[in-house]
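Next come the chains, spelled out residue by residue.
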Amino acid sequence: MRHTLFKILTLFFITFASAQHIDVSGTVQDETGFPIPGANIIIKDTSKGTTTDFDGHFTLNAVEIGSTISVSYIGYITKEVVISSSDELTIQLQEDLAQLDEVIVVGYGTQKKKDVTGAVAIVNSETIEALRPVDAAQALQGTSAGVSVTAPSGSPGGGFNILIRGVSSNGDNGPLVIIDGYKGDLNSINPSDIETFSILKDAQAAIYGIEGANGVVLVTTKSGKRNAKARINYDVYSGFQETTRELPYLNATEYALILNESYAANGQALPFSNVSDLGTGVDWQDQIFNSAPITSHNLSAAGGGEKSTYYFGGSILEQDGIVASDKSNYTRANAKIKLAFDVFDKLKVTTSANYFNNNRKTIGENALGTPLFNALNYAPTYSIDQQDTSGFLGNEVVNPISQIANTYNKYSGSSIEGTFQLEYKPIDGLTITSRIGVKSYNDNAKVFSPIVNYGSGKVFNTDRSTVTQTKNTNNSYTWDTFANYENTFGENHNTSFTLGTTAQRAWGDNLNATGFDVPNNSWEFADISLANGLSEAKSTSSYIYDSRLSSYFARVQYDYKSKYLISGMIRRDGASDFSTDNRIDYFSSATAGWKISDEDFLKDSNTINFLKLRASYGVLGNNNNGQDLYRSLLTGEATYVFDGSLVTGTANGRIPNPDATWETAEKLDIGLDINLFNNKLEVVADYFVEDRNDLLIQDFPVSGILGGGAPGAGLPTVNAGTSRNKGVELFLNYKQAVNDNFSFGVSYNVTHINNEVISVSNGVVSEGGSFGVGQPFISRMEEGQPLGYFYGLKTDGIFQNQAEVNAHPSQSGLGATASPGDIRFVDVNGDGEITLDDRTYLGKPQPDYIMGLNLNFEYRNFDFSSYMYAELGKETVRNYERDQPNVNRLNLYLDRWTGEGTSNSVPRATTGATSNKLFSDFYVEDSAFLRIQNIQLGYSLSDQVIDKLGISKFRLYVSVNNAFTLTKYNGYDPAATNGDAIGGGVDYGFYPISRQFLLGLNLSI
């Protein structure tokens, strides 16, 4: 009986002990003993938990002995603690250096982010998913310090211009784009297939030698993961687009009143005898702008086994234009495959392929006489279907609706591109890689011009129908073979060696032909095979090209205790684009870094988690502007006598320059990388200087004896200039998990760039950019000025009376005598008269500052993000107004001068001869802007719900792209530019970028 009682009591105590609950308290600290507020403490396998207070302290009530608590905090490794007693706990979390240990691509190899000694910016797939860009280049706008992205057109499929640290060359400033190891284009890949962008901005790009001066954009596409089950993702969005603004133009009544006033000022009969019944008239912008749909579907599958990975992706984008949707639209389809597998332990094979197909229709834009230009200038007093048959509006302005109706074209292209790579590791530390990347792009275009008559004397009248068909073939390959060897000597000496070679070739051809007299004057019959008309002028043309590059390169990297870092690289390039004596050169660079945070005096810092000082210097090349300058082509025109008759033939074209070579860039960069406050705040700062030498100056003056002035000929292109870009960059990124339910992030970057042309041989001035009709060039490259600055007459208000006119230097040298109400120009050279010699600096198209501000937060199942982009300190030329007396005008002319004291900024209205239409700062506008380029709000189903549904992700979102823009500029888009270094920033009537309202779904299984 006593034994039985003892057993029962023992069982009772055991049961009581095993189910005992206690209160647990403690403090969470970092490795230095500093308390961590806001850390999450969760009892494992339950929903019970708490967070630490400001002093890092926490309390959990009724915790079962033997249970496990999980302690986590952003930037630290999660720690689990088994509860065995009620003793006060002190829990130290270790810093999670995964961010610093992130491996990034730096060209022919990879490096840990913490070991990078060059200026490298990273944009990952999360940013791409938030922005949902139509073109992959848009993901770089505002997200990377030192990188600006502009659109030459908002037309669907119009593409984008990328600049890294501004404009340095008077020619092409676009960066080199490498996609998984081959030279490619961002507009041919699906943005959803991209894993990361790595942007090389400084001398570290010297590993790419002759092609690296404008910076390098390295694109890594998505791959599967080993030992991961198949994950299927389906992303779709659909929505509509609209214009962000319509320009403030005169309505019919305002237009008629000003026109009457201008006629009366010149003593002419009034064109409108009665304006009372005109009303507002036709708003031609309303007529050509429309709401347009956009839809995108992306489907991908990724996964892998023990020795292989796979990724498959397919997408289709359909986008209509906001101007004449049936004549302005774009369709893009992509199919992507990427496979990797181990042949055996030491040999790995990776292959990727991307198929790209696009179809596009366009309307004319950004030029005099295009539909947008005509919509602004056509009179609001005309009806929608009324033509200017009398030529009242001049010979270039026609009904934009009719013009669109008579626009017929189509463009289609397709490419196959990809890589095949072998990676062999014969011994520990040595990796030998050989890969070949190929791209083949073929396209064709057809343009039909029907017989049409817009009115008397119109330059767009066509009395004979034509069809022009074009076919292009473009091929390229890049074959790289290189070896990387890594080893550590004596425990503290870490080394890495890279040695390799690359061979590139790009070749292709073009064929263009025009047929006349299309049957039935119809698009349906627009084909050269059916157009049997003949022309006396030559109606065919063609060209071929073949460019080759052979290179060798080497890189050495060394660090001591992973604290003192140094690297050096050299590349030898031989390019077929230049003469035999000038086609080989060497490019080299050196970089260094010091991880100050690893020093004893900072190891115990509670504030600074990581601090690295780095520097780089090197010489790089740019061969984008110098192809075939050493050869004379038969592109000139000549007339010969054969058998007593004159025969038209060909002759030498541009004068060759056998001494021409590529530009070179000397780049210096000093940078600082800092992580603060438990790695919540990341700071990256850079100071940089680049001298671009041997700039290729086109049309360099030489003796006329050489024949540069002959028909079809031209002056040579000569290495004869130097420019300098100097600036600073700052990148700030802060992330904070406030508690289990709420986290947020803020990212900001700003870049200041100062550009100056240092020297040009013989003081030669290069010109470009047009204004109006028949006026001198308005953009210049000149010593001591920014590259591509605006050059014209400087204004000083409006003449208020005749006395002011008489007291001012005469302006008759400009072609007309000034009168009260005319623009008063400044006598810049002080010679007592105003002529074109008084033209001076009026502004520049390149900004002083570019900025990006990005916000995001997550609250429970909701997520929000917003991306902003700004450019400050730049100007744009307003050139979409036609210099004709009867065209429509901006409503700023409502504030014109009508008598003494009425205006000192807008000249009088008159049909008489004046100098008011000459290019001056009256047409140069401040085009600084701040753009909210993306706002997105999403909702994801909870883990419990998606587990029940058998899926891994279900997220709905709404997004607005190009939400709104704050600017003083009067045109459609203050960011628009054609991208020319000399002639950029001149607005001839840019097709505006649309505002997009999207509803999307992200689904993963």
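Preceding block: the structure.
**So, the overall build of the protein chain**
Assigned secondary structure in the protein chain consists of nine helices and 49 strands. On C-alpha atoms alone, the protein chain measures out to a radius of gyration of 34 Å, which is about the 30 Å that the 2.2 N^0.38 rule sets for 1005 residues. Once the C-alpha set of the protein chain is aligned to its principal axes, its extents read approximately 135 × 70 × 65 Å. When each of the 1005 residues of the protein chain is scored for burial, the buried share is 50%. Taking as baseline every contact in the protein chain between residues at least 6 positions apart, the subset at least 24 positions apart corresponds to 71%. Approximately 44000 Å² of the protein chain is accessible, and the part contributed by carbon and sulfur atoms is 54%. Mean positive and mean negative side-chain charge positions of the protein chain (75 and 111 charges, respectively) differ by 7 Å.

**Quick word on unusual backbone geometry**
Positioned with a positive phi, N521 is a non-glycine residue whose angle comes to about 50°. Since its relative accessible area comes to 29%, N521 is described here as partly exposed. In this structure, D699 is a non-glycine residue whose phi angle is positive, near 50°. Structurally, D699 is set in the loop between β33 (681-697) and β34 (718-737).

**Thoughts on helix α3 (residues 252-265)**
The periodicity of an α-helix, 3.6 residues per turn, causes residues three or four places apart in sequence to face the same way. Given a rise of 1.5 Å per residue, 14 residues ought to cover 20 Å, and the 20 Å separating the end C-alpha atoms of α3 matches this to within 8%. Those residues of α3 not exposed but buried are A252, Y255, A256, I258, L259, N260, S262 and Y263. The N-cap of α3, judged by a side-chain oxygen 3.2 Å from the amide nitrogen of T253 a few residues on, is N251.

**Structural notes on the sheet that holds strand β5 (residues 68-72)**
Consider a sheet: its strands pair through backbone hydrogen bonds, and that pairing is either parallel or antiparallel. Ordered in space as β3-β2-β5-β6, the four strands form an open sheet in which the pairing is antiparallel. The open sheet has two edge strands with one neighbour each: β3 (49-51) and β6 (79-82). Each adjacent strand pair in this sheet contributes to an overall mean axis angle of 20°, direction not counted. Sheet topology places strand β2 (residues 40-43) next to β3; three bridges connect them, and they run antiparallel. Residue pairing for β3: N40 is matched across the bridge by T51.

**Re the packing of aromatic side chains**
What characterises a pair of aromatic rings is the spacing of the ring centres plus the angle enclosed by the ring planes. Here the structure, examined in full by the defined rule, presents 30 aromatic pairs. Consider the rings of F587 and W662, whose centres lie 6.2 Å apart with planes at 50°: the pair is tilted. You can see F587 sitting in strand β28 (residues 584-595) and its partner W662 sitting in the loop between β31 (645-651) and β32 (663-676), a full 75 residues away along the chain. Exposure remark for F587: the relative accessible area of 0% places this residue in the buried category. In this structure W662 comes out as buried when scored by relative accessible area, which is 2%. Seen from their ring centres, Y789 and Y791 are 6.2 Å apart, and the 85° between their planes marks the pair as edge-to-face. Residue Y789 shares its accessibility class with Y791, and that shared class is buried. Taken together, Y734, F742, F744, F857 and F864 form an aromatic cluster joined through their ring pairs. The ring of W523 carries K446 above its face, with NZ or CZ at 5.9 Å from the centroid.

**Side note on the nonpolar core**
Ranked by size, the top nonpolar core spans 58 residues in total, and within it V323, V877 and F919 carry the most contacts. Mapped onto this core, the elements with two or more residues apiece are α3, α4 (284-288), α5 (371-377) and β40 (823-825). When residues of this core are assigned to their parent elements, the largest contribution, five residues, is made by α3. Every residue in contact with V877, bar those within four places of it in the chain, is listed here: F771, I778, F790, F919, Y923, V924, Y969, G985, V986 and D987. By size, the runner-up hydrophobic cluster in this structure holds 24 residues, among which are L131, A137, A139 and I194.

**As for empty space enclosed by the protein**
In the structure shown here, the tally under the stated rule is seven cavities of 30 Å³ or more. Taken as a whole, the largest cavity holds about 140 Å³ of empty space. Grouping the amino acids of the lining of the largest cavity by side-chain chemistry returns four nonpolar, five polar and six charged.

**Observations regarding the sheet that holds strand β15 (residues 194-200)**
Across the sheet, which stays open at both edges, the five strands sit in the order β10-β15-β16-β13-β14 with mixed pairing between neighbours. Two strands close off the open sheet at either side, each with one partner strand: β10 (120-124) and β14 (182-183). Sheet analysis places β15 next to strand β16 (residues 216-221), joined by six bridges and oriented antiparallel. When the bridges of β16 are listed, F197 appears paired with V219.

**Some words on the pattern of salt bridges**
With the rule as written, the count across this model stands at 45 salt bridges. The partner of E211 in a salt bridge is K183, with the nearest N and O atoms 2.7 Å apart. A residue pair is termed long-range when its members are at least 10 positions apart, and E211 in the loop between β15 and β16 and K183 in strand β14 qualify at 28 residues. Relative accessible area serves as the criterion here: at 32%, K183 is assigned to the partly exposed category. For the salt bridge of D527 with K446, the shortest nitrogen-to-oxygen distance reads 3.7 Å. Here the residue D527 occupies a position in the loop between β25 (493-516) and β26 (540-560), and K446 occupies one in strand β23 (residues 430-449), the gap between them amounting to 81 residues. In this structure D527 comes out as partly exposed when scored by relative accessible area, which is 26%. Taking the relative accessible area as the measure of exposure, K446 reaches 14% and is therefore buried.

**Digging into the environment of N366**
Considering the arrangement of structural elements, one finds N366 in the loop between β21 (347-361) and α5. A relative accessible area of 17% places N366 in the buried class. Those residues in contact with N366 that lie beyond four places of it in its chain are N978, V986, D987, Y988, G989 and F990. Reaching out from N366, the side chain makes a polar contact with the backbone nitrogen of Y988 at a distance of 3.2 Å.

**Some remarks on the environment of A554**
Along the polypeptide, A554 turns up in strand β26. Using a relative accessible area of 23% as the deciding quantity, one classes A554 as partly exposed. Ignoring anything within four residues of it in the chain, the contact list for A554 reads I207, T498, L499, G568, M569 and I570.

**Considerations on the side chain of E599**
You can see E599 is positioned in the loop between β28 and α7 (600-603). A relative accessible area of 11% places E599 in the buried class. Within polar-contact distance, the side chain of E599 engages the side chain of W594 at 2.9 Å. For E599, the contacting residues outside a window of four places in its chain are K563, Y564 and W594.

**Looking at the pairing of strand β22 (residues 408-424)**
Across 14 bridges, β21 lies against β22 in antiparallel orientation. Its bridge partner being in β22, A353 is matched across the sheet by G418. Counting the residues in the hairpin turn of β22 and β23 gives five residues, including G429, whose phi is positive at 90°.

How each quantity is defined
- Residues numbered from 1 in each chain as written.
- Predicted model: local features only at pLDDT ≥ 70, side-chain atom pairs only at ≥ 80, totals over all residues.
- Heavy atoms only, no water.
- Helix = DSSP H or I, 4+ residues; strand = E, 2+ residues; numbered from the N terminus.
- Rg over C-alpha atoms; globule rule 2.2 N^0.38 Å.
- Buried < 20%, exposed > 50% of the residue type's maximum accessible area, 1.4 Å probe, protein only.
- Contact = heavy atoms within 4.5 Å.
- Areas by Shrake-Rupley, 256 points an atom, 1.4 Å probe, with all protein chains shown as cover.
- Lys, Arg positive; Asp, Glu negative; His and termini not counted.
- Charge placed at Lys NZ, Arg CZ, Asp CG, Glu CD.
- Expected span 1.5 Å × (residues − 1).
- Polar contact = N/O pair within 3.5 Å; in protein donor to acceptor, adjacent residues only side chain to side chain.
- Pairing = 2+ DSSP bridges.
- Axes fitted to C-alpha atoms, helices over the stretch in contact; angles between N-to-C directions.
- Phe/Tyr/Trp six-rings, centres within 6.5 Å; stacked < 30°, edge-to-face > 60°.
- Lys NZ or Arg CZ within 6 Å of the ring centre and 35° of its normal.
- Core = buried A, V, L, I, M, F, W, Y, C linked by side-chain atoms within 4.5 Å.
- 1 Å grid on protein atoms, 1.4 Å probe; cavity = no way out; pocket = protein on both sides within 12 Å on 5 of 7 lines; lining within 4 Å.
- Points joined across faces, edges and corners; volume = space filled by probe spheres on them.
- Nonpolar A, V, L, I, M, F, W, Y, C, P; charged D, E, K, R; others polar.
- Salt bridge = Lys/Arg side-chain N within 4 Å of Asp/Glu carboxyl O.

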